[in-house]
Amino acid sequence: MRKLIYGMNLTLDGYIAAAGDDIDWSGPPSDELFLWWLGHEQASGLSLYGRKLWETMSSYWPTGDQQPTATPAEIEFARNWRDTPKVVFSSTIDEVDWNARLFTGDAITEITRLKAEDGGPMTIGGATLAGAAMRAGLIDEYVIATHPVLVGGGTPFFTALDNWVNLNLLETRQLAGGVVLTRYETRR
């Protein structure tokens, strides 16, 4: 059975985007943070995206390694992003590319099916998609890079739940600039 990992950058008050889908609060990541996320992505065998995150990622990373200012880590991230199989969950877009397939049916049924397969860990991104998986009890691990900023509202990382979810702390570490990395696993 595959592990499902939900990870994002978020503000200290728990948002992945401020009002208006503004993510400027996170600024360009430090080399240390970028390399940490690169390692996280390289460990994934399949990436699951909601529409908004897909549109954000696919607007830059297919050619991110060709940008004149691309660092070696950004070049590696772009190559890894293109090579990693992806499933995009959306009923409003017609097609996807870059080693991705579009799924328009019931997301929870498909994620449950994918988890039951053999293979490496899967990452999930996009607040709406991850929120549905969280409510269905499908998230096995939470990976959080908390930035020292308060935005007061926007898109929350966590969704409202019907029941408590107990977690075990796997890792915590502080990076330059006050960013705190944490990993939690779901206690089953």
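Above: the structure in question.
Reading guide: rules and limits
- Residues numbered from 1 in each chain as written.
- Predicted model: local features only at pLDDT ≥ 70, side-chain atom pairs only at ≥ 80, totals over all residues.
- Heavy atoms only, no water.
- Buried < 20%, exposed > 50% of the residue type's maximum accessible area, 1.4 Å probe, protein only.
- Helix = DSSP H or I, 4+ residues; strand = E, 2+ residues; numbered from the N terminus.
- Arc of directions from axis to C-beta.
- Contact = heavy atoms within 4.5 Å.
- Core = buried A, V, L, I, M, F, W, Y, C linked by side-chain atoms within 4.5 Å.
- Pairing = 2+ DSSP bridges.
- Axes fitted to C-alpha atoms, helices over the stretch in contact; angles between N-to-C directions.

Peer 1: Outline helix α2 (residues 51-58), supporting the account with residue identities and numerical values.
Peer 2: The complete set of buried residues in α2 reads L53, W54 and M57. Buried residues of α2, seen end-on, are gathered within an arc of 105° and therefore sit on one face of the element. Of the surrounding elements, those touching the buried residues of α2 are β3 (46-50), α3 (72-83), β4 (86-89), β5 (100-103) and β6 (122-125).

Peer 1: Please give an account of the nonpolar core that cites residues and values.
Peer 2: Nonpolar side chains in soluble globular proteins generally cluster together in the buried interior. Ranked by size, the top nonpolar core spans 24 residues in total, and within it L4, Y6, L48, I111 and I124 carry the most contacts. Of all the elements in the fold, those that place two or more residues in this core are β1 (4-11), β3, β4, α4 (107-116), β6, α5 (127-135) and β7 (141-147). If we skip the residues at most four places from it in the chain, I111 touches L4, L48, F89, M122, I124, L129, A133 and L138. Counting 14 residues, the second-largest nonpolar core is a separate cluster that includes L38, Y49, L53 and V96.

Peer 1: Quick rundown of the sheet that holds strand β10 (residues 180-186)? Include the residues and the values.
Peer 2: Pairing within the open sheet is mixed, and its 8 strands lie in the order β5-β4-β3-β6-β1-β7-β10-β9. With partners counted over all chains shown, the strands left at the sheet margins are β5 and β9 (167-174), one partner each. Between one strand axis and the next, the sheet turns through 20° on average, direction left out of account. Here β7 runs beside β10; their pairing, made up of 6 bridges, is antiparallel. By the bridge assignment for β10, A145 is matched with L181. Taken strand by strand, helix α1 (residues 31-42) contacts β1, β3, β6, β7, β9 and β10, and its axis lies near 165° from that of β7. Along the sheet, α4 makes contact with β1, β3, β4, β5 and β6, crossing β5 at roughly 135°.

Peer 1: Summarise unusual backbone geometry; cite the residues concerned and give the values.
Peer 2: A positive phi angle is found at D21, which is not glycine, with a value near 60°. Looking at where D21 falls in the secondary structure, it is placed in the loop between β2 (15-18) and α1. For W98, which is not glycine, the phi dihedral falls at a positive 60°. Relative to the helices and strands, W98 resides in the loop between β4 and β5.

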